[in-house]
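# Structural description and commentary
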Amino acid sequence: MKRMDLDLPPDDDPRRVAVRRWFAEHPSPTPAELVDAGYVVPHWPRPWGLDAEPELQLIIEDEMRRAGVSKPVNPIGIGHCGPILVALASDEQKERYLVPMLRGEELWCQLFSEPGAGSDLANLSTRAERDGDVYVLNGQKIWTSLAAHAKFGILIARTRNDVTKHRGISYFIIPMDLPGIEVRPIREMTGEALFNEVIFTDVRVPVANLIGEEHLGWGMAKTTLANERVSLSTGAGLQWGYGPSARDLVELCRTRGGLGDPVARQRVVEAFVEGEILRYHRLRMISAAVNKKPGPDASLRKALADPHGKKVFTLARDLMGAEGLLAGSDVGADWQPWMRGFLFSPALTVGGGTSEVLRNIIAERLLGLPHDVDVEQGLTWEESRRLAATR
Ligand SMILES: Cc1cc2nc3c(=O)[nH]c(=O)nc-3n(C[C@H](O)[C@H](O)[C@H](O)COP(=O)(O)OP(=O)(O)OC[C@H]3O[C@@H](n4cnc5c(N)ncnc54)[C@H](O)[C@@H]3O)c2cc1C
């Protein structure tokens, strides 16, 4: 078995020395400087990244944290959309979109889910019909994170009906200010409106905005979802890599004088142990260079990390006592991220692939078990819809 190296390269490693020197020379780098240095996406190919192997990626992350520098924020753009553009967009598209995306100047969203197509995404019914040099788009998307702020979105739509449902899907770049696009924010129980409904009525999308080949967008959509799972799995926090971790909860209990209740102590220890196992799994994933070829490993981590996140946020809420039950109660600043996290946590096992769907992927692709039964296989999309209506 190959040994996994969990120690980061030492202080005198020449790669680390070079990165540390760069941050010393650029103590407050602008987003443009970070992009030019290749530090926003070191694992991407040049000129956007550095073709960095996993160790160099970890060094850059580590040195960036040490220097107190943050990357430009564009989670869906950089995490989900960018890798597809790098792999399959035309040179003109790459030239136009990638640098402003990496600098965080143009926010992106992902227009995939529909009221009738979530886990079974290939069931989507938004249509794009060719009319000369445009596609005319009609339909509805839902749960689109950041749509109200995004400048662009990636969208999949049906361009053919007479083939099986996984075919006849095309992949587009959508400027979110095109006439005929209506964005309706959805209020969530955190009080925020992260996601939205997006309605398309006769929206005219230039043919130049198609990515890859017409009708062959499904493979790209699957790669985007795999990239999404990698992106939601590589950070250390409980909320899809962001926010506090189980270690932070232990630290918080400690600074508050410890826990008198032995049952609560036992739960905190269990959460800590689980968090540490997940931390090592994360390092193993990075060590396996998962950013280069999104694989089922990220599904495994997400299937384990999301229920862990829910459990730790629920534990934190219990530790807050009666005050934790009250919206807007004054639990103190150190508990605030835990309050917000608890309210967000039911979303963890749904977004980016539900835990049940991830277990299907693990069963099929990691364990080699038989495929999920799909009685509709081989039917055209219209035949499949007709069959569904008779059930
Ligand atoms: C916070 C958040 C942000 C999101 N952001 C975006 C976004 O930016 N863009 C976007 O396009 N979408 C987004 N989504 C939507 C997300 O991708 C979908 O919610 C997800 O794919 C599940 O689809 P669904 O909600 O339609 O549930 P359904 O697919 O209807 O599932 C309902 C239930 O059935 C189960 N189920 C379904 N199929 C199977 C199966 N084959 N085997 C076993 N069980 C099954 C599911 O696990 C689930 O419990 C977001 C969701 C959340 C929670």
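The structure this text deals with has already been given above.
Now for a quick tour of the structure.

Secondary structure summary: the protein contains 12 helices and 8 strands in total. The C-alpha atoms of the protein give a radius of gyration of 22 Å, which matches the 21 Å a tight globule of 391 residues would have. Oriented by its inertia axes, the alpha-carbon framework of the protein measures out at about 65 × 50 × 45 Å. The buried share of the protein, reckoned over its 391 residues, is 47%. In the protein, the share of contacts with a sequence separation of at least 24, taken over all contacts with a separation of at least 6, comes to 69%. On the protein, roughly 19,600 Å² of surface is accessible, and the fraction owed to carbon and sulfur atoms is 54%. Mean positive and mean negative side-chain charge positions of the protein (47 and 53 charges, respectively) differ by 3 Å.

Next up on the list: the site of the ligand. Neighbouring the ligand are 17 residues, the closest being Gln110, Ser119, Trp143, Thr354 and Glu356. The contact in question runs from an oxygen atom of the ligand to an N or O atom on the backbone of Phe112, over 3.1 Å. One of the side-chain nitrogen or oxygen atoms of Ser145 is found 2.8 Å away from a nitrogen atom of the ligand. For the ligand, whose unbound accessible area comes to 980 Å², protein coverage reaches 68%. The class makeup of the residues in the shell around the ligand is 6 nonpolar, 9 polar and 2 charged.

This part covers the layout of surface pockets. Empty space within the second largest pocket amounts to approximately 250 Å³. Along the walls of the second largest pocket sit 20 residues, with Ala236, Gly237, Leu238, Arg301 and His308 positioned nearest its centre. Looking at the lining of the second largest pocket, the elements with two or more residues in it are helix H7 (246–255), helix H8 (262–287) and helix H9 (296–320). For the lining of the second largest pocket, a count of residues per class yields 8 nonpolar, 6 polar and 6 charged.

On the surface, a cluster of nonpolar side chains totalling about 340 Å² of accessible area is made up of Val269, Phe272, Val273 and Ile277. With respect to the helices and strands, Phe272 occurs in helix H8. On the basis of relative accessibility, which here comes to 30%, the residue Phe272 falls in the partly exposed class.

The first and last C-alpha atoms of helix H1 (residues 14–25) sit 16 Å apart over 12 residues, in line with the 16 Å expected at 1.5 Å per residue. Considered for burial, the residues of H1 that qualify are Arg16, Val19, Trp22 and Phe23. Considered in projection along H1, the buried side chains sweep an arc of 125° and stay on one side of the axis. Exposed positions of H1 whose direction lies more than 90 degrees from the buried face are Pro14, Ala24 and Glu25. Between the side-chain oxygen of the N-cap and the backbone nitrogen of Arg15 there are 2.8 Å, and the N-cap of H1 in question is Asp13.

For Leu98, the position within the fold is in helix H5 (residues 91–102). Overall, the relative accessible area of 0% leaves Leu98 in the buried class.

A complete count under the given rule lists 26 salt bridges for this structure. In this structure, the salt-bridge partner of Arg103 is Glu105, at a minimum N-O distance of 3.8 Å. Between Asp318 and Arg267 there is a salt bridge, with the nearest N and O atoms lying 2.9 Å from each other. Residue Asp318 is located in helix H9, and its partner Arg267 is located in helix H8; the two are separated by 51 residues in the primary sequence. Shared partners join several salt bridges into a network, and the residues in it are Asp11, Arg16, Arg20, Asp62, Glu63 and Arg65.

Residues Tyr39, Leu85 and Trp108 are the most contacted members of the largest nonpolar core, which totals 47 residues. Going through the elements one at a time, H1, helix H2 (31–37), helix H3 (54–66), helix H4 (75–88), H5, strand S4 (152–158), strand S5 (169–175) and helix H6 (217–231) are the ones with two or more residues in this core. Counting 19 residues, the second-largest nonpolar core is a separate cluster that includes Tyr135, Leu137, Phe172 and Val205.

Rules used throughout
- Residues numbered from 1 in each chain as written.
- Predicted model: local features only at pLDDT ≥ 70, side-chain atom pairs only at ≥ 80, totals over all residues.
- Heavy atoms only, no water.
- Helix = DSSP H or I, 4+ residues; strand = E, 2+ residues; numbered from the N terminus.
- Rg over C-alpha atoms; globule rule 2.2 N^0.38 Å.
- Buried < 20%, exposed > 50% of the residue type's maximum accessible area, 1.4 Å probe, protein only.
- Contact = heavy atoms within 4.5 Å.
- Areas by Shrake-Rupley, 256 points an atom, 1.4 Å probe, with all protein chains shown as cover.
- Lys, Arg positive; Asp, Glu negative; His and termini not counted.
- Charge placed at Lys NZ, Arg CZ, Asp CG, Glu CD.
- Near = heavy atom within 4 Å.
- Polar contact = N/O pair within 3.5 Å; in protein donor to acceptor, adjacent residues only side chain to side chain.
- Nonpolar A, V, L, I, M, F, W, Y, C, P; charged D, E, K, R; others polar.
- 1 Å grid on protein atoms, 1.4 Å probe; cavity = no way out; pocket = protein on both sides within 12 Å on 5 of 7 lines; lining within 4 Å.
- Points joined across faces, edges and corners; volume = space filled by probe spheres on them.
- Patch = residues over 30% accessible without salt bridge, like charges linked within 9 Å, V, L, I, M, F, W, Y side chains within 5 Å.
- Salt bridge = Lys/Arg side-chain N within 4 Å of Asp/Glu carboxyl O.
- Expected span 1.5 Å × (residues − 1).
- Arc of directions from axis to C-beta.
- Core = buried A, V, L, I, M, F, W, Y, C linked by side-chain atoms within 4.5 Å.

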